[in-house]
Amino acid sequence: MNDDVRNIVLGVVAAGISASLGWLARTYLWRRKLRRKQAFFGLPENSEALLVVNRDPATSEPAVHRFDVFALLELAALIKDCGAHVTMVTQDAPQQSFGERTEFCVGGPASNRRMMAHMSAMLPGIRVNVDPEPVADRGAFQIGAERYRMDAGVTEYVLLARVSAGTETRPVFLFCGQRAITNQAATRYLARNHERLARKHGSGTFVLLLKVVNSQAYGPDLVELVADVTRVAQAPLPAATEARSRHRAS
């Protein structure tokens, strides 16, 4: 074997080794990224997830608003990426406690009984005005001593929460918006920022207040983080604030 042939063979072998090492490195990084994603969502391979669907309060018949349908589709894609399976149920169907399966609950307490139960049990520091009449406080959030009113199509708010009862249980993700389009905005925010949220919060509980800006022009895409309200949301409302909140609701 002369020098030219030997150099060619060595070059081919080196290229093959480099390609193999590159493939192994990419596979390792991809698997590590997937494991972190699965851990954050509580969705190991072949696990089960529950999507709880709300109803459209604007209709008398059981129906889902189109923006909530879009939100559910985005969540289904996240679940599929984790290699998990999804079961979809309506808001009045699930008769089980939380923690058995990862749950994604969409819609405010006015349209989702399951959301109302979760917030009452796990987020006592938050009240949502569910008055069906078109009053100024309709849909407003009371978070501790602060109140966040909706200006439809201009400034709207949505709560994005990951609630966990412990390391041995599966988390519940809550998307509680003042309008259906804000629910979709929260699911899209989670899909885009889950890696950053995982680095910051790990597998623990967090409650974020998001603001959807000018949805009539930008849809669900322009979202701003207002505050991390985890501590306030988990503490009971002060007695005076609770009384004012009940008075407004009545």
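This text follows the structure it describes.
Since the model is a prediction, treat every value here as computed from it, not as a measurement.

Q: So what's going on with unusual backbone geometry? Which residues, and what values?
A: Most peptide bonds take the trans form, and the phi angle of most residues other than glycine is negative. Within the chain, asparagine 46 stands out as a residue other than glycine whose phi angle is a positive 65 degrees. In this structure, asparagine 46 sits in the loop between helix 1 (3-41) and strand 1 (48-53). Note on asparagine 46: relative accessible area 53%, which makes it exposed. Here the phi dihedral of asparagine 214 falls at roughly 50 degrees; this positive angle occurs in a residue that is not glycine. Following the sequence through the fold, asparagine 214 ends up in the loop between strand 9 (206-213) and helix 5 (215-218).

Q: Requested: an account of the sheet that holds strand 3 (residues 102-106), with residues and values cited.
A: Taken in spatial order, the seven strands of this open sheet run 2-1-3-8-7-9-10, and their pairing is mixed. Only two strands of the sheet have a single partner each, and these edge strands are strand 2 (85-90) and strand 10 (223-228). Between one strand axis and the next, the sheet turns by 20 degrees as a mean value, whatever way the strands run. Pairing of strand 7 (residues 155-163) with strand 9, which is carried by eight bridges, proceeds in the antiparallel orientation. Along strand 9, the bridge assignment pairs tyrosine 157 with lysine 211.

Q: Quick one: what's the story with the nonpolar core, residue by residue and with numbers?
A: Membership of the largest hydrophobic core comes to 28 residues, with the highest contact counts inside it found for Phe41, Leu43, Phe104, Phe175, Leu190 and Leu210. Listing elements by their share of this core, those giving two or more residues are helix 1, strand 1, helix 2 (66-81), strand 3, strand 7, strand 8 (172-177), helix 4 (180-201) and strand 9. When residues of this core are assigned to their parent elements, the largest contribution, five residues, is made by helix 4. What leucine 43 contacts, discounting residues up to four positions off in sequence, is Gln38, Glu48, Ala49, Ile79, Cys82, Ala84, Thr102 and Phe104. Cys105, Met115, Ile143 and Val229 belong to the second largest nonpolar core, which has 22 residues in total.

What counts and what doesn't
Residues numbered from 1 in each chain as written. Predicted model: local features only at pLDDT ≥ 70, side-chain atom pairs only at ≥ 80, totals over all residues. Heavy atoms only, no water. Helix = DSSP H or I, 4+ residues; strand = E, 2+ residues; numbered from the N terminus. Buried < 20%, exposed > 50% of the residue type's maximum accessible area, 1.4 Å probe, protein only. Pairing = 2+ DSSP bridges. Axes fitted to C-alpha atoms, helices over the stretch in contact; angles between N-to-C directions. Core = buried A, V, L, I, M, F, W, Y, C linked by side-chain atoms within 4.5 Å. Contact = heavy atoms within 4.5 Å.

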